[in-house]
Amino acid sequence: MRQVTISWQGLSALLCVIGAMALLPLYAAGATHPPSAGTAGLTALLAIAAVLVSFAPFSATLIAAVLFVSAHGGAWLLLGTLTGNEGFAATAFFLLLAACWLLAWRCVTKLSEIQPTEPASQWLLRLLIPAIFGAWILIIWEAITRGAGIPFVILPPPSAIWARIAGSLPILGEDVRQTIFKAVLIGYIVGCIAGFVVAILADRVAFLRRGLLPIGNMVSALPIIGVAPIMVMWFGFDWQSKAAVVIIMTFFPMLVNTVAGLAASGNMERDLMRTYASNYWQTLLKLRLPAAMPFIFNALKINSTLAMIGAIVAEFFGTPIVGMGFRISTEMGRMNVDMVWAEIAVAALAGSIFYGVVALAERAVTFWHPSIRGG
């Protein structure tokens with residue numbers, strides 16, 4: 001028989017609700033459209049009901065579902081009262097928001113306890129938990145910036161950033177095409193392939209391995225703000241100079257990781273291949289490269305983020321009137337911070353998708369590795 005479970009998140013949420021009810025109203029004097037007391041009461045009832053359910057001996061799935069609905073329903077009610085009351089949120093508002101956040105925390109804790117057996121349920125759970133984390137970052141960001149009246153030029157709320165994204169899709173599309181589909185992808189592909197090929201040569205030729213790797217470590221430490229202007233002078237202001245910066249940034253991580261991966265296969269496996277009369281290339285293709293795949297994909301994942309950073313920063317030092325780095329630089333000078341954050345959000349989304357594609361390819365190729373089989 002299941003026992004009653006008291007959680008510190010639930011107790012803290014109850015204390016926040018009690019404190020909020022004692023400190024009503026939600027907004028200080030001067031608010032244009034102060035909400036009725038019913039909004040605060042409904043939010044408090046949702047929180048109290050969710051806490052009581054979380055203490056009861058129900059299944060983790062049911063408790064997580066109730067906590068999810070109550071936490072996000074309460075947050076939705078609170079955020080809906082901000083319109084016309086920006087900058088006047090009182091302590092009661094933030095206490096109720098903290099109670100909802102604690103309920104969401106408890107919801108994630110209960111979701112982590114669920115062990116589904118079906119692959120679809122496992123996949124959904126792996127997406128839901130980080131989605132709740134991300135949603136609450138945005139909720140708290142929105143509530144603090146609007147409720148506390150933080151100046152727009154310092155930190156705009158997510159709603160303003162989303163409105164800018166929705167209203168600037170053609171501009172953002174041109175910037176993505178210029179920066180990602182030209183500079184990032186071309187530089188990434190060329191840099192990774194070049195690093196891989198040179199790593200094979202360095203593995204084959206001891207002179208290259210001993211002479212090139214120390215130079216690679218030195219070049220990888222070069223500051224991008226020093227390399228980017230030189231590449232612009234050499235290759236011009238268009239995407240070619242940005243791709244050159246990306247090639248430099250992605251070449252040496254791939255080189256170093258591939259060389260390390262080629263040395264990862266054990267001596268017993270190599271001796272076994274020699275007993276089969278395998279030559280260098282047969283051993284490379286059938287033993288050493290498969291063993292090096294985790295290292296190679298590690299470099300590909302690292303380079304997926306380095307390529308984005310390199311291309312965007314390089315555009316600060318000369319570019320046509322298009323590109324994500326160019327837009328960030330010029331709009332910041334005009335104090336259009338919502339557009340700057342819109343570009344940052346698009347870049348973060350593109351980088352996450354890029355990284356996710358590489359990670360999915362890694363799972364498909366290195367399915368035999370313990371890190372993949374264990375996950």
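Structure: see above.
Let me begin by describing the structure that accompanies this report. (Residues numbered from 1 in each chain as written. Predicted model: local features only at pLDDT ≥ 70, side-chain atom pairs only at ≥ 80, totals over all residues. Heavy atoms only, no water.)

Observations regarding a nonpolar patch on the surface
Which entries qualify depends on this criterion: Any residue with relative accessible area above 30% and no salt bridge may belong to a patch, with like charges joined within 9 Å and the nonpolar Val, Leu, Ile, Met, Phe, Trp and Tyr side chains within 5 Å. Using a 1.4 Å probe, accessible areas were evaluated by the Shrake-Rupley method; residue-level cover was limited to the displayed protein chains. The working definition used for a salt bridge is a side-chain nitrogen of Lys or Arg within 4 Å of a carboxyl oxygen of Asp or Glu. Under the scheme used here, helices are H or I runs from DSSP no shorter than 4 residues and strands are E runs no shorter than 2 residues, and both carry numbers assigned from the N terminus. When accessible area is computed with a 1.4 Å probe and restricted to protein chains, residues below 20% of their type maximum are described as buried, those above 50% as exposed, and intermediate ones as partly exposed.
There is a patch of nonpolar side chains on the surface, built from V153, I154, M332 and M335 and spanning about 380 Å² of accessible area. As for its placement among the helices and strands, I154 is situated in the loop between α5 (119-147) and α6 (158-167). I154 gets classed as exposed once you look at its relative accessible area, which sits at 58%.

A word on the pattern of salt bridges
Taken as a whole and assessed by the stated rule, the structure comprises 9 salt bridges. For the salt bridge of R327 with D175, the shortest nitrogen-to-oxygen distance reads 2.9 Å. Here D175 lies in helix α7 (residues 169-204) and R327 lies in helix α13 (residues 324-333), a separation of 152 residues in the sequence. Both residues of the pair, R327 and D175, count as buried. We note a salt bridge from K301 to E362, for which the minimum N-O separation is 2.9 Å. Taken together, the residues K301 in helix α12 (residues 280-314) and E362 in helix α14 (residues 337-365) connect sequence positions 61 residues apart. E362 carries the same exposure label as K301, and that label is buried. Among the ionic contacts, a cluster of salt bridges with common partners joins E86, E142 and R146.

A short note on the packing of aromatic side chains
For the record, the criterion: Each Phe, Tyr or Trp ring, with Trp reduced to its six-membered ring, pairs with another whose centre is within 6.5 Å; inter-plane angles below 30 degrees give stacked pairs, above 60 give edge-to-face pairs, and intermediate values give tilted ones.
Following the criterion strictly, the structure yields 7 aromatic pairs and no others. Relative to W105, the ring of W8 has its centre 4.9 Å away and its plane inclined at 85°; by these criteria the two rings are edge-to-face. Here W8, found in helix α1 (residues 8-22), pairs with W105, found in helix α4 (residues 91-113); they are 97 residues apart in sequence, far enough to count as distant. A relative accessible area of 47% places W8 in the partly exposed class. By relative accessible area, which is 35% here, W105 ends up partly exposed. One aromatic cluster is present, formed by W8, W101 and W105 through successive ring pairs.

A few points about unusual backbone geometry
Residue P25 is reached from L24 by a cis peptide bond, and omega for that bond is 15°. Along the chain, P25 falls in the loop between α1 and α2 (37-55). At M335, a position not held by glycine, the phi torsion is positive, near 65°. Assignment of secondary structure puts M335 in the loop between α13 and α14. Under the relative-accessibility criterion, M335 is labelled partly exposed at 46%.

A few points about the environment of G73
One can find G73 in helix α3 (residues 60-80). Taking the C-alpha atoms as reference points, G73 and I328, separated by 255 residues in sequence, lie 35 Å from one another.

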